[in-house]
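Take a look at the letters that make up each chain.
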Amino acid sequence: MNSLDISDDNALIITGSADKDIKIWGMDFGDCHKSIFAHDDAVTQVNFVPQTHYFFSCGKDGLVKYWDGDKWELIHTLEGHQDKVWAMALSSQGDMLFTGAADRSIRVSSVETMRS
C-alpha cells in the first residue's frame, strides 16, 4: 500500500497501491467494498474531498483521476503531467486540487468543473 485516506464521516477508507488498484473499505466491519483497477502503473496517492465520499487518485502513469466512492465510478480523468504524479493535495474547502509530478510541474485544477 502506498497511500490511504479516511473520509470525514469515518465511514470509508481508501487505499492505493503498487498493484495499480484502489480499494474502498468500510470502517464499520473492515470489509473491502470494492477493488478497482485504477491506473496503468502504481497508485502513488489517494485523497478524499472534504465532507464527501468523492476522492482523487494519482499514479506513476501520469494521470489524476476523480472518483465517486459511493457508486464506485470514475467521474473524470485529468491528463497533462508528462511524468509520474507523486504528490497531491486538496484545499481545505475541497474546491481546488494541487498535483506535483516528476516532470517538475505543479498543476492547479478546479474540482467543481470536473463534476459537470
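Not measured: the values here are computed from a predicted model.

Strand order across the open sheet formed by four strands is β5-β6-β7-β8, with antiparallel pairing between neighbours. Looking at strand neighbours, the two that pair on one side only are β5 (43–48) and β8 (73–78), the edges of this open sheet. On average, each strand axis in the sheet is inclined to that of its neighbour by 20°, with strand direction left out of account. As judged from the five bridges shared by strand β7 (residues 64–68) and β8, these two strands associate in the antiparallel manner. Along β8, the bridge assignment pairs Lys65 with Thr77.

Right, let's talk about the pairing of β5 for a bit. A large share of β5 lies buried, amounting to six of its six residues. As paired elements, β5 and strand β6 (residues 54–59) share five bridges and run antiparallel to each other. Looking at β6, one finds that Val43 is bridged to Gly59. The antiparallel pairing of β5 with β6 creates a hairpin that spans five residues between the two strands, and Gln51 there sits at a positive phi of about 65°.

Along the chain, the position of Asp68 falls in strand β7. This buried residue, Asp68, is left without a salt bridge; Lys71 holds the nearest opposite charge, at 4.6 Å. Beyond its immediate chain neighbours, meaning those up to four positions away, Asp68 contacts His53, Tyr54, Phe55, Glu73 and Ile75.

Spatially, the three strands line up as an open sheet ordered β9-β10-β11, and their pairing is antiparallel. Of all strands in the sheet, those bounded by a partner on one side alone are β9 (85–90) and β11 (106–110). Along the sheet, successive strands turn relative to each other by an average axial angle of 20°, direction set aside. By the bridge criterion, five bridges tie strand β10 (residues 96–101) to β11 in an arrangement that is antiparallel. Across the sheet, the residue bridging to Met96 is Ser110, located in β11.

As a further point, take the pairing of strand β1 (residues 3–6). Because side chains alternate across β1, one face comprises the buried residues Ser3 and Asp5, and the other comprises Leu4 and Ile6, none of which is buried. Alignment of β1 against strand β2 (residues 12–16), held across four bridges, turns out to be antiparallel. Each residue of the ladder has a partner; that of Leu4, found in β2, is Thr15.

All right, on to the environment of Ala102 then. Tracing the chain through its elements places Ala102 in the loop between β10 and β11. A C-alpha to C-alpha distance of 8.4 Å links Ala102 and His81, two positions 21 residues apart in sequence. Discounting residues that sit within four places of it in the chain, Ala102 has contacts with Asp83, Lys84 and Trp86.

Reading the values: rules and limits
- Residues numbered from 1 in each chain as written.
- Predicted model: local features only at pLDDT ≥ 70, side-chain atom pairs only at ≥ 80, totals over all residues.
- Heavy atoms only, no water.
- Pairing = 2+ DSSP bridges.
- Helix = DSSP H or I, 4+ residues; strand = E, 2+ residues; numbered from the N terminus.
- Axes fitted to C-alpha atoms, helices over the stretch in contact; angles between N-to-C directions.
- Buried < 20%, exposed > 50% of the residue type's maximum accessible area, 1.4 Å probe, protein only.
- Lys, Arg positive; Asp, Glu negative; His and termini not counted.
- Salt bridge = Lys/Arg side-chain N within 4 Å of Asp/Glu carboxyl O.
- Contact = heavy atoms within 4.5 Å.

Functional significance is not addressed by these values, which are geometric in nature.
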